[in-house]
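The residues making up each chain are set out below.
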Amino acid sequence: MNATIPARTGARITVPVALEGRGYDIHIGRHQLCEAAALIATFAPGARAALVTDESVAALHAAAFETCLQQEGIAATRITIPPGEASKSYAQFVALCDALLAAKIERNDLIIAFGGGVVGDLSGFAAAVLRRGVRLVQVPTTLLSQVDSSVGGKTGINSPHGKNLIGAFHQPSLVIADTALLDTLSEREFKAGYAEVVKYGLIDDPAFFDWCEANWSRVIAGGPERDHAVAVSCRAKAAIVARDEREEGDRALLNLGHTFAHALERLTKYDSSRLVHGEAVAIGLALAFRFSQRLELCPGQDAIRVSRHLDHVGLPSRLQQVPGGAGSVEEILAAMAQDKKVKRGALTFILARGIGKSFIAPGVAAEEVGSFLEAELAANGAAH
């Protein structure tokens, strides 16, 4: 199938990820697919490639990207998976590995993950274990994957016991964030990805949260504000990954809101018609700040400000907004018990002393969490 070659633009922001011996660059800008192909050809001349994508992205963008790759002399075998979180499964992982082997992908070849977080996580895990390690290029196509999952080397699949419990660290060789690809996202998917953007302001950059409050509508509309938001997010994550690649210290801060979020995703059975990851994160961020307020760590006005911003954007901020229900206190606590940050059975949360003042809180008592959840489930949302 022939496709129009995407227009090239010179405007590109480059963010380095400084890992000794494994460093790489994140390139951010509009209409970067042909630049991506040129960069791939430069660092991997003559390599065979597998282009892993999902059915939705393939229909929109795969032919154009393949045209760019062909122009650079890169022969790519397309491997397509079903869209949605359900593809991060044992069965799909096995099917992908078999397809990669059938395509004769060797250790010095490339796996190009061309899609959202599901494609990136699944492809990255396959790249980590196929022939004990194959080079990986991430070309994320959603806002969430551009600002979060494509950077930092976390890969994996889900288990019935919880999200991302089977995986490996496997850093990409290159990340290309083409922000023009985000133009084809649904409003729901784009806003879900925005939850991961605002998270960086809540962790340790209150000025960026201020900027998000003022500019969120322009980020959604596109233009320079969108590229700026992606670049700030990637710089923030790159700095944390460079300090703590394998989450032995403050990289855990990137999980702000995620202990709640992953539990909600598990309880909704990863059904994207009910809840997508970014929506779960939005609820988790609001809960983390209200829980911090309940523990008298965070000023109430900051917790209210977080929820109000999410509400203005059109993101959920309360358990009652989970379609079909969030489950009981006991069910939520049981889902949290499988969180990767649990140590010797004790829950670890990322809490906050205010906007931009998040910290790691190990050993949080389940009783404290349970009483908070009871209050949240009983609330009617009138507090904000």
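Conventions and cut-offs
Each chain carries its own residue numbering, running from 1 in the direction its sequence is written. Local features are withheld for residues below a pLDDT of 70 in this predicted model, meaning they are given only at 70 or higher, and side-chain atom pairs are given and counted only at 80 or more; totals for whole chains, interfaces and linings count all residues. Excluded from the side-chain calculations are hydrogens and water; all other atoms, namely the structure's heavy atoms, are used. Numbering goes from the N terminus for both helices and strands, where a helix is a DSSP run of H or I of at least four residues and a strand is a run of E of at least two. The cut-offs for exposure are 20% and 50% of the maximum accessible area for each residue type, with area from a 1.4 Å probe on protein chains only; residues under the lower value are buried, those over the upper are exposed, and the others partly exposed. Contacts are residue-level and defined by heavy atoms, with any inter-residue pair within 4.5 Å sufficient. Residue exposure ignores everything except the shown protein chains as possible cover, and the areas themselves are Shrake-Rupley values with a 1.4 Å probe. To count as a disulfide, a pair of cysteine sulfur atoms needs to be within 2.5 Å. The salt bridge criterion pairs a side-chain nitrogen of Lys or Arg with a carboxyl oxygen of Asp or Glu, the two atoms within 4 Å. Detection works on a 1 Å grid of protein atoms alone, calling trapped sets that fit a 1.4 Å probe cavities and calling open sets with protein on both sides within 12 Å along at least five of seven lines pockets, with lining residues defined by an atom within 4 Å of a point. Grid points are joined across faces, edges and corners, and a volume is the space filled by probe spheres set on the points. Pairing between two strands is assigned when DSSP locates at least 2 bridges connecting them. Each axis is a line fitted through C-alpha atoms, taken for helices only over the stretch in contact, and angles between the N-to-C directions span 0 to 180 degrees.

(A) Molecular detail of the overall build of the protein. Assigned secondary structure in the protein consists of 13 helices and eleven strands. For the C-alpha atoms alone, the extent of the protein along its principal axes is close to 60 × 40 × 40 Å. The buried share of the protein, taken over its 384 residues, is 56%. Pairs at least 24 apart in sequence give 76% of the contacts found in the protein among residues at least 6 apart. Split by element, the accessible area of the protein, about 15,100 Å² in all, is 52% carbon and sulfur.

(B) Expanded view of the state of the cysteines. With the rule as written, the count across this model stands at one disulfide. Between the sulfur of Cys34 and that of Cys68 lies a disulfide, 2.1 Å long from S to S. Between Cys34 and Cys68 the sulfur-sulfur dihedral comes to about -65°; the bridge is accordingly left-handed. Taken together, the residues span a long stretch of sequence, with Cys34 in helix H1 (residues 33-43) and Cys68 in helix H2 (residues 55-71) at a distance of 34 residues. Side by side, Cys34 and Cys68 carry an identical accessibility label, which is buried. Of all cysteine sulfurs in the structure, the one in Cys234 sits closest to Cys212, which takes part in no disulfide; the separation is 13 Å. For Cys212, a relative accessible area of 1% corresponds to the buried category. The structure places no disulfide on Cys298, whose sulfur is separated from the nearest cysteine sulfur, that of Cys212, by 17 Å.

(C) Representation of the pattern of salt bridges in the model. According to the stated counting rule, one finds 20 salt bridges in the structure shown. Close ionic contact of Lys88 with Glu85 constitutes a salt bridge, the shortest N to O distance being 3.7 Å. Pair check on accessibility: Lys88 and Glu85 agree, each one buried. A salt bridge links Glu187 to Lys191, with the nearest nitrogen and oxygen atoms 2.8 Å apart. Highlighted residues: Glu187 and Lys191, both in helix H6 (residues 187-204), separated by four residues, approximately one helical turn. Residue classification places Glu187 among the exposed positions, given a relative accessible area of 54%. A network of salt bridges, in which partner residues are shared, links Glu85, Lys88, Asp121, Lys163 and Glu265.

(D) Spatial organisation of the environment of Ile355. Within the secondary structure layout, Ile355 lies in the loop between strand E10 (347-352) and strand E11 (358-364). Judged by relative accessible area, which is 6%, Ile355 ranks as buried. Through-space distance from the C-alpha of Ile355 to that of Pro206 is 5.8 Å; in sequence the pair is 149 residues apart. If we skip the residues at most four places from it in the chain, Ile355 touches Gly201, Leu202, Pro206, Phe209, Phe289, Asp302, Arg305 and Val306.

(E) View of empty space enclosed by the protein. All chains considered together, the criterion is met by three cavities of 30 Å³ or more. Within this model, the largest cavity holds a volume of roughly 80 Å³. Together, 13 residues line the largest cavity, and Lys163, His262, Ala335, Gln338 and Asp339 are the ones closest to its centre. The set of elements that each furnish at least two residues to the lining of the largest cavity consists of strand E8 (162-169), helix H9 (258-267) and helix H12 (329-336). Each pocket or cavity is described by its volume, and for the second largest cavity that value is around 40 Å³.

(F) Representation of the sheet that holds strand E3 (residues 49-54) in the model. Strand order in the open sheet made by the seven strands is E1-E2-E9-E6-E5-E3-E4, with mixed pairing throughout. Two strands lie at the open edges of the sheet, namely strand E1 (13-17) and strand E4 (76-81), each paired on one side alone. Shown here is a sheet whose adjacent strand axes are inclined to one another by a mean of 20°, direction ignored. Docked against the sheet, helix H4 (residues 117-129) engages E3, E4, strand E5 (110-115) and strand E6 (135-140), running at close to 165° with respect to E5.

(G) Representation of the pairing of E11 in the model. The pairing of E10 with E11 spans five bridges and is antiparallel. Following the sheet pairing, Leu347 is matched in E11 by Val364. Joining the antiparallel neighbours E10 and E11 is a turn of five residues, in which Gly354 adopts a positive phi near 155°.

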